[in-house]
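Analysis of the macromolecular model
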Amino acid sequence: MITIVAISDTHTQHQALEVPEGDILVHAGDLTNMGELKDVAAFNAWLGSLPHPHKIVIAGNHDFCFERSREVSEPMLTNCTYLHDSAATVMGIRFWGSPWQPWFYNWAFNLQRGEEIRRKWDLIPDDTDVLITHGPPHGHGDQTDGGELAGCKDLLEVVERIRPRLHVFGHIHEGYGVSSNDHTTLVNASNCDFHYRPVNPPVVFEYDPRRAGRVIRRRSSDQQMGRLTRERQK
Ligand SMILES: [Zn+2]
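Cut-offs used in this document
Residues numbered from 1 in each chain as written. Predicted model: local features only at pLDDT ≥ 70, side-chain atom pairs only at ≥ 80, totals over all residues. Helix = DSSP H or I, 4+ residues; strand = E, 2+ residues; numbered from the N terminus. Buried ≥ 20, exposed ≤ 12 C-beta atoms within 10 Å, placed from the backbone. Pairing = 2+ DSSP bridges. Axes fitted to C-alpha atoms, helices over the stretch in contact; angles between N-to-C directions. pLDDT = per-residue confidence, 0-100. Contact = placed C-beta atoms within 7 Å.

The helix and strand inventory of the chain stands at 6 helices and 14 strands. C-alpha atoms of the chain, sized along the principal axes, occupy 50 × 40 × 35 Å. Out of the 234 residues in the chain, the part that is buried amounts to 45%.

Quick look at the structure:
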């Protein structure tokens, strides 16, 4: 079994998290509030203090510096693999990461729904096992405080077609939680809630490569394992 720990939308408050141990840590974007480089540096240092052998990170709509000055920001993330419409194979699992979301006020990585954003989703390889996007697909973890389903329909189409085993995202903080369809487990891993309080725990999955990547959510003792990790770091 390969343990994947999903986090997202930490918004500089990563220190408040109790992160369970695992093989691969995935962060689905919004590590900063306004994309300040000092916050990227602090995040990277924190990543370096975590025991996970593999860490994969994408940017989100708050992480302006990763859109405006990629050449400065991306090399700062020395303690993880940063994905931007790109792939990484880790422990035999094929990951794809992408920061875009349907236009959302004047934030970073905005694209118009339809043709424009579909061009990014068309880049996702058919054989992707774990998809990481900042925004949710339509109908999964995408209900806003106002009741609107803000997720991307074009992304949902791609997820239903290529059928990744796991889809990790965030962005709509109030959509935190796990859902599934016939082929894919989907998680909105936002650690911050609607009011930007870091109250939602990381979500842990066991990925079974021998059973064609069957994904099971680990429900018990997450909190306890997080405490153990934190103890060891002291
Ligand atoms: Zn966020």
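Moving on to the pairing of strand 13 (residues 203–208). As paired elements, strand 1 (residues 2–7) and strand 13 share 5 bridges and run antiparallel to each other. Of the residues in strand 13, the one forming a bridge with Ala6 is Val203. Inspection of the sheet shows strand 13 paired to strand 14 (residues 214–218) by 5 bridges, in the antiparallel sense. Within strand 14, the position partnered with Phe205 by the bridge is Arg217.

Moving on to the sheet that holds strand 5 (residues 86–90). For sheets, the rule is that strands pair by backbone hydrogen bonds, running either parallel or antiparallel. If you trace the 6 strands from one edge of the open sheet to the other, you get 5-6-9-10-12-11, paired in mixed fashion. Bordering the open sheet on either side are strand 5 and strand 11 (177–180), each of which pairs with just one other strand. On average, adjacent strands in this sheet sit at an angle of 20° to one another, irrespective of strand direction.

Per-residue pLDDT for the chain averages 92, and the proportion of residues at 70 or more is 92%. Confidence over residues 221–234 falls short of pLDDT 50; this stretch has 19 contacts with residues more than four positions distant or in other chains.

Another aspect to go through is unusual backbone geometry. The backbone phi angle of Asp9 is positive, close to 50°, even though this residue is not glycine. Tracing the backbone shows Asp9 in the loop between strand 1 and strand 2 (24–27). According to the C-beta neighbour criterion, Asp9 is buried, with 29 such atoms within 10 Å. The phi angle at Tyr196 is positive, at roughly 60°, despite the residue not being glycine. Mapped onto the elements of the fold, Tyr196 is located in the loop between strand 12 (185–188) and strand 13. Look at Tyr196 and you get partly exposed, because 14 C-beta atoms sit within 10 Å.

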